[in-house]
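So you can see what is in the structure, the chains are spelled out below.
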Amino acid sequence: MRSRRVPVRWKIAALAAACAGLVAATVGVMVHVWTRWDIQSRAEAEAVNSLYSAVDTYRRGDVLADGIQVDPPGLPTALREPPDGDRHTAYDDRVDGNVGPSMWAAQRVGGPGSKVLAFQVNMGPRMYDLQRLDMSMAVASLAALAVVTPLAVLGSGVLGRRLHRVSQTAGRVSAGDLDARTGPTKGRDEISDIAAAVDAMADGLARRLHSERRFTADVAHELRTPVGGLLAAADLLPSGETEDALRARVRDLRDLVEDLLEISRLDAGAERPARTPVPLDAVVREAVARTGLPTEVVTTAEPVVRTDPRRLERIVGNLVVNAHRHGRAPVEVTVAEHTVTVRDHGPGFPADLLREGPRRFRTGARERGGGHGLGLTIALGQARVLGAELRLGEAGDGGAVAALHLPQD
């Protein structure tokens, strides 16, 4: 199953949002950890200082300062039996009524078994302030994401449109539009470099194809006169098996030269249709008859179409000859409403031909026979001139199918 295409702008926006969220989460954690450490450090210092003053006062007159407790029941276990007379601290995360987490400082006054003085710092309000700080950080992070994400979508949308423009140009060039160009783009970055590279590639490809087409046209044009003379000379030869074979080969050579000239005109865009209303069935039957090949013509409708009959005959004739040459009998031609279908019962079209279209001087699969591979190329070219669509496919029970769909205007 083909995965769904995700535009690059959404990927960039998602990456920007993820980065912003990660930064916000990292800053929030760092602020939380540092603030919590600062609160505990301040509470510990307050507890130690208060206990220091209270112990000194207690030793002078057994007077307890405010906040000082003697052996309090809530004292953490670690401070109940101090090992010496020094001050010790411990954090107690228990919550008792209005007293939240606490920081305790305790010191033994006297020898072993004597009283333990302790001072408790209630950290509840401070921890509540820490919770409010965490909430504020979370709200600020969400607000930052709400601002960053649309900005990332807008910014990545500009990049996405520039990339889409380059992609469209490359697609048009690959489809045969050698005049497609991206043109100058805003900014000087990697996308501009890609656009310039695609345009340079299209320029180079256009120059190369123009040179090849010009060479083909020149060669075909130069061959036309000597081949015509050669055919005239061959017709003067006496009848015989060898002479007949020679004349047939010369005619094949003449047909090849004419095909090359026709392809050159199609490539150059010099072909213009001469449209006129004609009965589709009559034109098709005339084209089939001109091939001289045994072909069954079935008519399911007799529309009058506005087209160039000479080019239509050329297309149908090429399809019929191709079906006989590369397929197997019987070959059937069906005339319907604005559609002409040619079908054989051979091995069918090669997979690469169906995928990539016909290519000149390449006949495809070996089992489909020989030939110079120009028949389908010319048929497709003439179909484009007529504004028609030529579809190549496979019959359900075997065989190749070529369907010509004529415009209905």
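Our structure's up above, just so we're on the same page.
As the structure is a computational prediction, the values presented were derived from the model and not from experiment.

*Asks:* Would you take a moment to explain the nonpolar core for this structure?
*Replies:* The nonpolar side chains of soluble globular proteins are, as a tendency, buried together. Counting residues in each nonpolar core, the largest one holds 32 residues, and the members touching the most others are Leu280, Val284, Val316, Leu319, Val333, Leu390 and Leu404. When contributions to this core are tallied by element, the ones reaching two or more residues are α6 (280-291), α7 (309-326), β8 (332-336), β9 (339-343), α9 (375-386) and β11 (400-405). Leucine 319 has contacts with Val342, Leu376, Ala379, Leu390 and Ala402, leaving out every residue within four places of it along the chain. Core analysis: the second largest hydrophobic core is formed by 17 residues, Ile39, Leu51, Ile68 and Phe119 among them.

*Asks:* Would you mind showing me how to read α7 here?
*Replies:* Residues three or four positions apart in an α-helix share a direction because the helix packs 3.6 residues into each turn. Taking 1.5 Å of rise per residue, the 18 residues of α7 would be expected to cover 26 Å, and the 25 Å separating its terminal C-alpha atoms lies within 8% of that figure. Regarding α7, the residues found buried are Arg311, Leu312, Ile315, Val316, Gly317, Asn318, Leu319, Val320, Asn322, Ala323 and His326. Among the residues of α7, the N-terminal cap falls to aspartate 308, whose side-chain oxygen and the backbone nitrogen of arginine 310 are separated by 3.1 Å.

*Asks:* It is not clear to me how the sheet that holds β11 should be interpreted in this structure. Could you clarify?
*Replies:* Strand pairs in the sheet, formed through backbone hydrogen bonds, run parallel or antiparallel to each other. Taking strand neighbours across the sheet as the criterion, the 5 strands line up as β6-β8-β9-β11-β10 in an open arrangement whose pairing is mixed. Two strands in the sheet have a free side with no partner beyond their single neighbour: β6 (296-299) and β10 (389-394). Across the sheet, the axes of successive neighbouring strands diverge by a mean angle of 15 degrees, strand direction being ignored. Note: β9 against β11, 5 bridges, orientation antiparallel. Bridge pairing in β11 places valine 342 opposite alanine 402. The strands touched by α6 within the sheet are β6, β8 and β9, with β8 carrying the most contacts at an inclination of about 165 degrees.

Parameters at a glance
Residues numbered from 1 in each chain as written. Predicted model: local features only at pLDDT ≥ 70, side-chain atom pairs only at ≥ 80, totals over all residues. Heavy atoms only, no water. Core = buried A, V, L, I, M, F, W, Y, C linked by side-chain atoms within 4.5 Å. Buried < 20%, exposed > 50% of the residue type's maximum accessible area, 1.4 Å probe, protein only. Helix = DSSP H or I, 4+ residues; strand = E, 2+ residues; numbered from the N terminus. Contact = heavy atoms within 4.5 Å. Expected span 1.5 Å × (residues − 1). Polar contact = N/O pair within 3.5 Å; in protein donor to acceptor, adjacent residues only side chain to side chain. Pairing = 2+ DSSP bridges. Axes fitted to C-alpha atoms, helices over the stretch in contact; angles between N-to-C directions.

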